[in-house]
Amino acid sequence: MTTQAEIGGARRTSAGEGPGRARGAMHSARISLGRAFEAESSNYFLLLGLTLFMVGFGLLMVLSSSYVAAHADGSNFFSKFMNQASYALIGVALMMVISRVPIRFWQRISFVALLASCALQAAVVFTPLGVVVGGNRNWLALGPIVFQPSELMKFALILWLGSFFQRKEAHLTKFSQTIIPVLMVAGSVFFLILKGHDFGTTIIVGMVLFAALFFAGVPIWQLLLLLACAVPGVVALSMGDASRVSRISAFLDPSQADPNGTGYQPLQALWGLADGGLFGVGLGNSQSKWSWLPASSTDYIYAVIGEELGLVGAVLVLALFFALAIVILRIIRRARTMHARVISGAMFAWVIGEAIINIAVVVGLFPGMGVPLPLISSGGTALVSTLAATGILLAFARQEGRLAPFATGSVKR
């Protein structure tokens, strides 16, 4: 039989364990909640804030620069804006999801992603599914969906370069184990893009490749050798196409360029910038977008920004890209793996390189190349792919924030 003392003791023990277990459960819950809301690194918030602001600013300028052309095409005034806004929502959501995906996932799928994007680009240039826009065959039409596989190729190539150099980190000085395999893979990418006559994207991919090699730590003499071989190739490609020759001629001698032909759009862009003055003619009041500047919402949107917001707005865009460059360089500097350093460096060349080329073309420092202004120009595939790339950078910044406390707090002197 159970005595009253035993019953009382059991009750006391049960009563004592109850609060203890509850306190332990609450402590575990606090730890889990704390990890879920653990503060990210400063680079994470800077990059996220800059990106979202630039996307929002880009949507505003796309709306301002496209509603006239949209109406002229027989569409709704807001059709181009709504299309860009839908891509922006998809891109931002994709960026946030990618920023939470483990880095090792991208290492595993990088080669498959590159093969898939190359297959899509091959469908553009070798099948009737390819669509020609502005003389370039770089669009793929799959039913109602039309997109640029070359933008996906850039992203996939960067992922593959990061994974490749991670595996080859101990053999960077061996030409046959690094440069040769990279050139073989990148050569296929160059071929498929050039087959569609997209010279601007080819230049960007070349910049991405050199940036990846540089940040991987490949010997300088090898980079100089590649550069010495690349320059004659670029010149030959430039001189081998009548359209490119005419754009280069118009750039070198604007006074002799046909104002109704090759020199028309660059001239209209400069006039738009000049009309803007210091403070601009006001948001929505651009004259260039009234069918004077054909690519007012895409490649030449910077001219509309300068016209409507003046020198102040043009400098603001420059400042945004400068701040973005600084943040990406900080992520590169704090990268703890070859994989993170190479991918971040290549994406720096992609986004900042595109911005420099686009703005230089608009202000007359480069011949026309058909390169968009990242995060701002109208173009769904370019926007989504750039935001996806930014998601990878955010993942590296998150990794930096997670490892920092352990790196600084575990050292004993």
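Quick caveat: nothing in here was measured; it's all calculated off a predicted structure.

Trainee: Report on the sheet that holds strand β3 (residues 145-147), specifying residues and quantitative values.
Mentor: Hydrogen bonds between backbone groups are what pair the strands of a sheet, and the pairing can be parallel or antiparallel. The sheet built from three strands is open, its strands ordered β1-β2-β3 with antiparallel pairing. Each edge of the sheet is formed by a strand with only one pairing partner; in this case those strands are β1 (130-133) and β3. Each neighbouring strand pair of the sheet contributes to a mean axis angle of 35°, computed without reference to strand direction. Note: β1 against strand β2 (residues 136-142), four bridges, orientation antiparallel. Each residue of the ladder has a partner; that of Val-133, found in β2, is Asn-136.

Trainee: Give a detailed account of the packing of aromatic side chains, specifying residues and quantitative values.
Mentor: One pass over the structure, following the stated rule, counts six aromatic pairs. A centroid spacing of 5.0 Å and a plane angle of 80° characterise the contact between Phe-105 and Trp-106, whose relative ring orientation is edge-to-face. Classification of Phe-105 by relative accessible area gives partly exposed; the value is 38%. An aromatic cluster is built from Trp-160, Phe-164 and Phe-165, whose rings are joined through pairwise contacts.

Trainee: Tell me about the layout of surface pockets, residues and numbers included.
Mentor: In this structure, the second largest pocket spans a volume of roughly 780 Å³. Thr-202, Ile-203, Gly-206, Ala-230 and Val-234 are, among the 30 residues lining the second largest pocket, the residues nearest its centre. Elements with a minimum of two residues in the lining of the second largest pocket: α6 (179-195), α7 (199-216), α8 (220-239) and α9 (242-252). In terms of residues, the lining of the second largest pocket owes the most to one element, α8, which gives nine residues. Here the residues of the lining of the second largest pocket sort into 22 nonpolar, six polar and two charged.

Trainee: Please set out the pattern of salt bridges residue by residue, giving values where relevant.
Mentor: For the structure shown, the criterion picks out three salt bridges. Between Lys-154 and Glu-354 there is a salt bridge, and its shortest N-O distance comes to 2.6 Å. Here Glu-354 lies in helix α12 (residues 338-362) and Lys-154 lies in helix α5 (residues 149-167), a separation of 200 residues in the sequence. Using a relative accessible area of 2% as the deciding quantity, one classes Lys-154 as buried. Glu-308 is the salt-bridge partner of Lys-289, the closest N and O atoms lying 3.1 Å from each other. Here the residue Lys-289 occupies a position in the loop between α10 (264-276) and α11 (301-333), and Glu-308 occupies one in helix α11, the gap between them amounting to 19 residues. Residue Lys-289 shares its accessibility class with Glu-308, and that shared class is buried.

Trainee: Let's hear about the environment of Glu-307: which residues, and what values?
Mentor: Mapped onto the secondary structure, Glu-307 falls in helix α11. Side chain to side chain, Glu-307 and Ser-288 meet in a polar contact 2.8 Å long.

Trainee: Can you tell me about the side chain of Ser-117, naming the residues and giving the values?
Mentor: Turning to its location among the elements, Ser-117 is positioned in helix α4 (residues 103-126). Once you skip the residues sitting within four places of it in the chain, Ser-117 turns out to touch Pro-149, Leu-152, Met-153 and Ala-156.

Trainee: Account for α7, with residues named and values stated.
Mentor: Compared with an ideal rise of 1.5 Å per residue, which puts 18 residues at 26 Å, α7 spans 26 Å between its outermost C-alpha atoms and is within 8% of the ideal. Positive phi appears at Gly-217, one or two residues downstream of α7, with a value of about 95°.

Trainee: So, the environment of Ala-269: which residues are in play, and what are the values?
Mentor: The topology assignment puts Ala-269 in helix α10. Judged by relative accessible area, Ala-269 falls into the buried class, the value being 0%. Spatially, the C-alpha atoms of Ala-269 and Ser-288 are 7.8 Å apart, while their sequence positions differ by 19 residues.

Trainee: Pulling in residues and values, what's your account of the nonpolar core?
Mentor: Counting residues in hydrophobic clusters, the biggest one holds 106 residues, and the most contacted among them are Leu-161, Phe-165, Leu-324, Leu-373 and Ile-392. Setting aside residues no more than four positions away along its own chain, Ile-392 makes contact with Ile-98, Trp-106, Phe-155, Leu-159, Ile-343 and Met-347.

Reading the values: the criteria
Residues numbered from 1 in each chain as written. Predicted model: local features only at pLDDT ≥ 70, side-chain atom pairs only at ≥ 80, totals over all residues. Heavy atoms only, no water. Pairing = 2+ DSSP bridges. Helix = DSSP H or I, 4+ residues; strand = E, 2+ residues; numbered from the N terminus. Axes fitted to C-alpha atoms, helices over the stretch in contact; angles between N-to-C directions. Phe/Tyr/Trp six-rings, centres within 6.5 Å; stacked < 30°, edge-to-face > 60°. Buried < 20%, exposed > 50% of the residue type's maximum accessible area, 1.4 Å probe, protein only. 1 Å grid on protein atoms, 1.4 Å probe; cavity = no way out; pocket = protein on both sides within 12 Å on 5 of 7 lines; lining within 4 Å. Points joined across faces, edges and corners; volume = space filled by probe spheres on them. Nonpolar A, V, L, I, M, F, W, Y, C, P; charged D, E, K, R; others polar. Salt bridge = Lys/Arg side-chain N within 4 Å of Asp/Glu carboxyl O. Polar contact = N/O pair within 3.5 Å; in protein donor to acceptor, adjacent residues only side chain to side chain. Contact = heavy atoms within 4.5 Å. Expected span 1.5 Å × (residues − 1). Core = buried A, V, L, I, M, F, W, Y, C linked by side-chain atoms within 4.5 Å.

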